[in-house]
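A closer look at the structure
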Amino acid sequence: MCKYKLPSLTVDGIIQIDDRIVLIKRKNPPFKDSWAFPGGFVEYGETTENAVMREIYEETNLKTKIKHLLGVYSDPNRDPRGHTVSVVYILKYIDGILKGSDDAKEAKLFKIEEVKDLDLAFDHKKIFEDYLLFKKENEKIIK
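Keep in mind that what you see is a predicted model, and the values were worked out from it rather than measured.

Comments concerning the nonpolar core
I14, I21, L23, L70 and F128 are the most contacted members of the largest nonpolar core, which has 18 residues in total. When residues of this core are traced back to their parent elements, those giving at least two are β2 (20–26), β5 (63–73), β6 (84–95), α2 (112–116) and α3 (124–137). Among the elements that take part in this core, α3 stands out by supplying four residues, more than any other. When neighbours within four sequence positions are excluded, L23 is seen to be in contact with W35, A36, F37, E106, A107, K108, F110, V115, L118 and L120. The next biggest cluster of nonpolar side chains, apart from the first, holds 11 residues, and it includes V11, I56, L62 and V87.

As structure tokens, this is what we get:
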């Protein structure tokens, strides 16, 4: 047993389909009924890459493929349940019909301009802003 307090490891995924972003409406606290990127906790023995594709499929019914690592978000206050570190990926839509399930009450496509006006869960507004900056700086590779 580890004598140190350890943060939990989570993943989040950004999927852009045409000019729209996939968001889920959270079914459970914290941030119940708030919009967020699909994601969740990494299971013991699972890679973050497999975890993000699994979580996205469970919450949105979409099959995806990782394109890029956006970043690691580790502010100890990002989750009111405790210290979580999230590895955030940009993914490409492969297949599936969008629908909310598992921890997602709903899954929906939002225009980028609409997402800018939403009050997103956790630190997902910061993650979204970082995504827009990444996209602008890497226009040729993001497609």
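There's more to say after this.
So, the environment of K108
On the secondary structure map, K108 appears in strand β7 (residues 104–111). Residue classification places K108 among the partly exposed positions, given a relative accessible area of 36%. Distance from K108 to T60, taken between C-alpha atoms, is 8.6 Å for residues 48 residues apart in sequence. Leaving out residues up to four positions away in the same chain, K108 has contacts with I21, V22, L23, W35 and L98.

Focus: the side chain of S86
Positionally, S86 belongs in strand β6. In terms of polar contacts, S86 uses its side chain to reach the side chain of D12, at 2.6 Å. In contact with S86, other than residues within four places in its own chain, are T10, V11, D12, G71, V72, Y73 and R78.

Here's the deal with helix α1 (residues 48–60)
With 13 residues, α1 extends 18 Å from end C-alpha to end C-alpha; this agrees with the ideal 18 Å at 1.5 Å per step. Where α1 is concerned, the buried positions are T48, A51, V52, R54, E55, I56, E59 and T60. Lining the buried residues of α1 we find β1 (8–17), β2, β4 (39–41), β5, β6 and β7. Looking at the residues trailing α1, positive phi occurs at N61, about 70 degrees.

Looking at the pairing of β6
Where β1 meets β6, eight bridges bridge the pair, whose relative direction is parallel. Bridge pairing links V11 to V87 in β6. As judged from the nine bridges shared by β5 and β6, these two strands associate in the antiparallel manner. If you follow I66 over to β6, its bridge partner there is L91.

Some points on the packing of aromatic side chains
Under the defined criterion, the tally for this structure stands at two aromatic pairs. Both rings, one in W35 and one in F110, keep their centres 4.8 Å apart while their planes meet at 75 degrees; by these two values the pair is edge-to-face. Of the two residues, W35 is situated in strand β3 (residues 35–36) and F110 in strand β7; the sequence distance between them amounts to 75 residues. When its relative accessible area of 12% is taken as the criterion, W35 is described as buried. F110 gets classed as buried once you look at its relative accessible area, which sits at 5%.

Reading the values: rules and limits
- Residues numbered from 1 in each chain as written.
- Predicted model: local features only at pLDDT ≥ 70, side-chain atom pairs only at ≥ 80, totals over all residues.
- Heavy atoms only, no water.
- Core = buried A, V, L, I, M, F, W, Y, C linked by side-chain atoms within 4.5 Å.
- Buried < 20%, exposed > 50% of the residue type's maximum accessible area, 1.4 Å probe, protein only.
- Helix = DSSP H or I, 4+ residues; strand = E, 2+ residues; numbered from the N terminus.
- Contact = heavy atoms within 4.5 Å.
- Polar contact = N/O pair within 3.5 Å; in protein donor to acceptor, adjacent residues only side chain to side chain.
- Expected span 1.5 Å × (residues − 1).
- Pairing = 2+ DSSP bridges.
- Phe/Tyr/Trp six-rings, centres within 6.5 Å; stacked < 30°, edge-to-face > 60°.

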